[in-house]
Amino acid sequence: MAAALWTDRGRRAVTVVGTVTRSRSSQAALKSQYDALVIGGGHNGLVAAAYLQKGGLQTAVLERRHVLGGAAVSEEIFPGFIFSRCSYLLSLLRPHICADLELKKHGLKVYMRDPHAYTPMLEEGVGGAPPRSLILGSDLSMTLKEISKFSQKDAQAYPDFIAHLEKLAEAIHPLLDAPPVDIPGFTSGSLRKRLSVAKTLMPLVKCGMKLGTNIPDFYEIVTAPIMKILNRWFESEPLRATLATDAVIGAMTSPSSPGSGYVLLHHVMGEVEKEKGAWGYVEGGMGGVSQAIASSARSYGVDIFTEKDVGQVLIGPDGAAKGVVLKDGTEIQSKVVLSNATPYVTFKKLTPQTALPPEFIKAVDQIDYTSPVTKINVAVDKLPNFLATPTPDNKPGPHHQCSIHLNCESVEVLETAYKEAMNGRPSARPMLEMTIPSVLDPTLAPPGCHVVSLFTQFTPYHIEGKEWTEQDREAYADNVFDWVEQYAPGFKKSVVGRDILAPPDLERIFGLTGGNIFHGSMSLDQLYLARPLPSLSDYRSPVKGLYLCGSGCHPGGGVMGSPGWSAALTAMADLKHR
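Computed from a prediction, not measured in an experiment: that's the story for all the values here. (Residues numbered from 1 in each chain as written. Predicted model: local features only at pLDDT ≥ 70, side-chain atom pairs only at ≥ 80, totals over all residues. Heavy atoms only, no water.)

1. So, the overall build of the protein chain
In step 1: Secondary structure summary: the protein chain contains 21 helices and 22 strands in total.
In step 2: Over its C-alpha trace the protein chain gives a radius of gyration of 23 Å, about what one expects of a compact globule, namely 25 Å for 578 residues.
In step 3: With respect to the principal axes defined by its C-alpha atoms, the protein chain has extents near 80 × 60 × 50 Å.
In step 4: Scored against the burial criterion, the 578 residues of the protein chain give a buried share of 61%.
In step 5: For the protein chain, the accessible surface area stands at approximately 22,300 Å², while carbon and sulfur atoms represent 56% of it.
In step 6: Side-chain charges in the protein chain split into 56 positive and 58 negative, and the spacing between the mean points of these groups amounts to 6 Å. (Helix = DSSP H or I, 4+ residues; strand = E, 2+ residues; numbered from the N terminus. Rg over C-alpha atoms; globule rule 2.2 N^0.38 Å. Buried < 20%, exposed > 50% of the residue type's maximum accessible area, 1.4 Å probe, protein only. Areas by Shrake-Rupley, 256 points an atom, 1.4 Å probe, with all protein chains shown as cover. Lys, Arg positive; Asp, Glu negative; His and termini not counted. Charge placed at Lys NZ, Arg CZ, Asp CG, Glu CD.)

Given below as structure tokens:
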């Protein structure tokens, strides 16, 4: 019965959430000419379109798939079960964009999670007691009590550690909401030009002023292995491993790799409902974010289309972008084109190679898109019941709303999982982050049932140099389920259906090159002035009128809306000076 409902990893058609289907039926007629075109209806593309239209440019969004949102989509993969099929948590949506576009007015609703992290242990309970577990939340006294089960010293250090991280993250906020420093403009050209771009220095100045004497600490956390920092603060393995997961989530890196500290800081930067560092579930799934942005954009006059697959950017005789041609042959003219696709897709697949310098193409080939992620979406007919925190009668406990960290008892487990993937094999004991958003959002599953997201690491793009097969996918998912079963007996019997997305599937379905959820690794050589390349950090491409507006740009993956907003402002500023 259950097997009959399993998908073949996206190759079979899936049912789309009703709100998305209705938006498709109400599409406006596609015009032959616009002021601005946005390739890709992901959240950044939709944000860019909204600001372009607000700025007076008639704008259209062209989405390849049948559903809007890019990676932030909701899809009904099994009847009655609605999944955030790729992206699954909200935090880094910039507050000023949420306010500007009135996203709450347009239907955005977020369920806050508290507590937010749960790490059950695989161990024998003492004296008949259940295995231990660690729960972290906003209730400091509860969190410290949890930590003290493993170390009193760690419980005493934890408040200072969190305050330290928040101070560093707060200092970075000015950089998230502005383009990087315009180095060429500031160092060359006329005095008037230099003065005009001097304002791009201000966010960096503000960041430095906020950091003050903490600049050395900031430098360390963005360059050092996260374990160098965690070992200084803490001694207990469950706490160190739980915190280390945020330093490697979505990244092909280990807690002992240099630069892993920045990924942790990146995940502390966000906020939901003015709560710093919080992550929440969007009502109706992550597609609810995209639908709210799309609704706002439409209210300004943006034309949004699905199933419009762009084949190529059109280049005029002057070498500038002049529109796009769809794969069905339809040509659409425009003054500017903004691409929400990855840099690789934009410049290797959509842009004529003759329009780009050979050295630029070579640089694009060097961008790192390595991904460790296989996402498994699971429909279940009852709630997982964890040995460490039993909950009878299918009743959710506070821990069910958390990010549930499995196989995270020790950092050594994470290191071993990483090394196996680097050797071309899926981890035998993978790092698992389980979320169950239906515990807070009843719109996602039938009564008594739930949707479970398993964000798993580490899996390579190729298995020992070979393509993933269906047998590989099933075998890996079976192994993941075996591990979940050890923590929550009965889980496997509760499975109604599963949707397995290995790195090649994330690439094929969502356009994520290499399966990388960030549109490119968040490594030190691909951040700020070098994201995605030093010559591309200002959103402008070598082709006049062609811009990047996706997560491959500064400030990077996960910072929802900011790349689209910055790219739109850049394009509009350039048009004024044409």
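After that view of the structure, there is still more to cover.
2. Observations concerning the pairing of strand E8 (residues 133–136)
In step 1: Judged by which residues are buried, E8 turns out to be covered on both faces: Ser-133 and Ile-135 on one side and Leu-134 and Leu-136 on the other are all buried.
In step 2: Bridge count for strand E7 (residues 117–120) against E8 is four bridges, and the pairing is antiparallel. Paired with Thr-119 across the bridge in E8 is Leu-134. (Pairing = 2+ DSSP bridges.)

3. Points about unusual backbone geometry
In step 1: Here the residue pair Asp-114 and Pro-115 is connected by a cis peptide bond, since its omega of 5° sits within 30 degrees of zero.
In step 2: For the bond running from His-554 to Pro-555, omega is 5°, close enough to zero to count as cis.
In step 3: As for its placement among the helices and strands, Pro-555 is situated in the loop between strand E22 (546–548) and helix H21 (562–576).
In step 4: You will see that Glu-102, though not glycine, has its phi angle at about 50°, which is positive.
In step 5: Its location among the elements puts Glu-102 in the loop between helix H4 (95–100) and strand E6 (110–112).
In step 6: Unusually for a residue other than glycine, Glu-307 sits at a positive phi of about 55°.
In step 7: Position of Glu-307 among the secondary structure elements: in the loop between strand E12 (303–305) and strand E13 (310–315).
In step 8: Residue classification places Glu-307 among the partly exposed residues on the basis of a relative accessible area of 47%.

4. Quick look at the packing of aromatic side chains
Within a pair of aromatic rings, the relevant descriptors are the distance that separates the centres and the angle that separates the planes.
In step 1: Summed over all chains, the structure comprises 11 aromatic pairs.
In step 2: Measuring from centroid to centroid gives 5.0 Å for Phe-347 and Phe-360, while their planes differ by 90°, and the two rings are edge-to-face. Taken together, the residues span a long stretch of sequence, with Phe-347 in helix H15 (residues 343–350) and Phe-360 in helix H16 (residues 358–365) at a distance of 13 residues.
In step 3: For Phe-347, a relative accessible area of 1% translates into the label buried.
In step 4: By the ring-pair criterion, three or more aromatic residues cluster together here, those being Tyr-158, Phe-161, Trp-233 and Phe-234.
In step 5: Residue placement shows Arg-113 over the ring face of Tyr-281; its charged tip is 5.3 Å from the ring centre.
In step 6: Its end group placed over the ring of Phe-481, Arg-498 keeps NZ or CZ at 5.0 Å from the ring centre. (Phe/Tyr/Trp six-rings, centres within 6.5 Å; stacked < 30°, edge-to-face > 60°. Lys NZ or Arg CZ within 6 Å of the ring centre and 35° of its normal.)

5. Some remarks on the sheet that holds strand E16 (residues 336–339)
In step 1: Spatially, the five strands line up as an open sheet ordered E12-E3-E2-E16-E22, and their pairing is parallel. Unpaired on one side and paired on the other, E12 and E22 mark the two borders of the sheet. Neighbouring strand axes in the sheet, compared pairwise and without regard to direction, differ in orientation by 20° on average.
In step 2: Sitting on the sheet, H15 touches strand E2 (36–39), E16 and E22, and the angle it makes with E22 is about 150°. (Axes fitted to C-alpha atoms, helices over the stretch in contact; angles between N-to-C directions. Contact = heavy atoms within 4.5 Å.)

6. Details of the environment of Val-61
In step 1: Assignment of secondary structure puts Val-61 in strand E3 (residues 59–62).
In step 2: The sequence separation of Val-61 and Leu-168 amounts to 107 residues, and the corresponding C-alpha distance is 36 Å.
In step 3: Every residue in contact with Val-61, bar those within four places of it in the chain, is listed here: Val-38, Gly-40, Gly-41, Gly-45, Leu-46, Ala-49, Val-302, Asp-303, Ile-304 and Phe-305.

7. Side note on the environment of Ala-29
In step 1: With respect to the helices, strands and loops of the structure, Ala-29 is situated in the loop between helix H2 (18–25) and E2.
In step 2: When its relative accessible area of 63% is taken as the criterion, Ala-29 is described as exposed.
In step 3: Put simply, Ala-29 and Phe-305 are 276 residues apart on the chain and 9.0 Å apart in space, counted from C-alpha to C-alpha.
In step 4: Setting aside anything within four residues of it in sequence, one finds Ala-29 in contact with Tyr-34, Asp-303 and Phe-305.

8. Some remarks on the nonpolar core
In step 1: Membership of the largest hydrophobic core comes to 71 residues, with the highest contact counts inside it found for Leu-52, Leu-108, Val-324 and Leu-338.
In step 2: It is helix H3 (residues 43–54) that contributes the most residues to this core, seven residues altogether.
In step 3: In contact with Leu-52, not counting residues within four places along its chain, are Ala-36, Val-38, Leu-57, Thr-59, Leu-338, Ala-568, Ala-571 and Met-572.
In step 4: Counting 69 residues, the second-largest nonpolar core is a separate cluster that includes Phe-150, Ile-221, Leu-264 and Phe-518. (Core = buried A, V, L, I, M, F, W, Y, C linked by side-chain atoms within 4.5 Å.)

9. Points about the packing of helix H6 (residues 152–176) against helix H9 (residues 202–211)
When two helices pack together, their arrangement is captured by the angle between the axes and the distance separating the axes.
In step 1: Between H6 and H9, whose axes approach to 7 Å, the crossing angle comes to 170°. Here H6 is positioned roughly antiparallel relative to H9, judged by the angle of their axes. Crossing geometry of H6 relative to H9 is assigned as right-handed. Contact with H6, carried on its side by Leu-168, Glu-170, Ala-171, Ile-172, Pro-174 and Leu-175, involves Pro-203, Leu-204, Lys-206, Cys-207, Lys-210 and Leu-211 of H9 and no other residues of that element.
In step 2: For the contact of H6 with H9, the residue count by class is nine nonpolar, no polar and three charged. (Parallel < 35°, antiparallel > 145°, perpendicular 65-115°, else oblique. Left-handed = near helix turned anticlockwise from the far one by under 90°. Nonpolar A, V, L, I, M, F, W, Y, C, P; charged D, E, K, R; others polar.)

10. Considering helix H5 (residues 140–148)
In step 1: Buried residues of H5: Thr-143, Glu-146 and Ile-147, and no others. Down the axis of H5, the sector holding all buried residues measures 95°, keeping them to one side. Exposed positions of H5 whose direction lies more than 90 degrees from the buried face are Ser-141 and Lys-145.
In step 2: Its buried side turned inward, H5 meets E8, H6 and helix H12 (237–248). (Arc of directions from axis to C-beta.)

11. Digging into the side chain of Ser-521
In step 1: Residue position: Ser-521 is located in the loop between helix H20 (503–510) and E22.
In step 2: When its relative accessible area of 11% is taken as the criterion, Ser-521 is described as buried.
In step 3: When sequence neighbours within four positions are dropped, the list of residues in contact with Ser-521 reads Asp-368, Tyr-369, Thr-370, Asn-516, Gln-526 and Arg-531.

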